[in-house]
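# Coordinates in review
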Amino acid sequence: MSWRKDKDQGRAERGYHHGNLKEALLQAALNLIAQKGAAGFTFADAARMAGVSPAAPYRHFRDRDELLSSIAQRGFEQFEAALGQAWDDGRPDTVTAFERVGHAYLAFARNEPAFYSAMFESGLPVDANPTLQAASERAFAIIRAAAERLAALSPPGTPRPPALMMALHIWSMSHGVASLFARGDAARRTLPMSAEELLEAEVLIYLRGLGFPTDRRDAREPEAEKPAGPWGKPK
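Structural notes, computed from the coordinates. (Residues numbered from 1 in each chain as written. Predicted model: local features only at pLDDT ≥ 70, side-chain atom pairs only at ≥ 80, totals over all residues. Heavy atoms only, no water.)

### Considerations on the overall build of the chain
Counting its secondary structure elements, the chain contains nine helices and zero strands. Listing each helix as α and each strand as β along the chain from the N terminus yields α-α-α-α-α-α-α-α-α. With 235 residues in all, the chain has 41% of them scored as buried. Counting only contacts in the chain whose residues sit at least 6 apart along the sequence, the fraction spanning at least 24 positions is 68%. (Helix = DSSP H or I, 4+ residues; strand = E, 2+ residues; numbered from the N terminus. Buried < 20%, exposed > 50% of the residue type's maximum accessible area, 1.4 Å probe, protein only. Contact = heavy atoms within 4.5 Å.)

### Considerations on the pattern of salt bridges
In the structure shown here, the tally under the stated rule is 10 salt bridges. Between Arg62 and Glu66 there is a salt bridge, with its nearest N and O atoms 3.5 Å apart. Linking Arg91 and Asp89 is a salt bridge whose minimum nitrogen-to-oxygen distance equals 4.0 Å. What makes Arg91 partly exposed here is its relative accessible area of 45%. (Salt bridge = Lys/Arg side-chain N within 4 Å of Asp/Glu carboxyl O.)

### With respect to unusual backbone geometry
Residue Pro92 is reached from Arg91 by a cis peptide bond, and omega for that bond is -5 degrees. Phi is positive for Asp88, close to 50 degrees, though the residue is something other than glycine. Relative to the helices and strands, Asp88 resides in the loop between helix 4 (64-87) and helix 5 (94-111). For Asp88, a relative accessible area of 33% translates into the label partly exposed. The backbone phi angle of Asp89 is positive, close to 55 degrees, even though this residue is not glycine. Relative to the elements of secondary structure, Asp89 occurs in the loop between helix 4 and helix 5.

Have a look at this one:
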């Protein structure tokens, strides 16, 4: 069977033999996600954009979902790096570092919309792919670590939710602001403040509602104090 029946097939063969088909397919899919969304393209579309035959991608990916999973995994890895750099183990203080994490979250959604869409809008069952799930959990672990540090700032005797619940609450707020206001979508609503300012205000109201100190002068964890139990007082 000849791969050079016409010019298009000639280009497909040259594309397949460029030496990095897998990377070309990933980049093609990212471009398509940026143009059409995570659900707006087919496996054949990715092959066409990469300049290869419709059958060539099956050498590297089982199907479109596996291609999307690879993109989402790479996105979570970059997301983890961005959040980790922003958190910087809570330096110089917990509140300042946590604000940086929020800014990093919004910046990633704004600067990497195709990755963000693959990660959160593709409809992929994350728990069905152990590698993807592990990458997702590592990124979320940074938000959870920050929430645990925030939880340690709770005044003695003040009831508080478990750190995991706090992390989920704050993640939900961050994701909502990122999805609605922080991305470059043409239809997004115009705000009288920046997305960063909106998120900071939301988190501040949330923490104050729980009785947490939000002044950076008080944002140091007491060394000798034992952590409180879930919704209970320190023992």
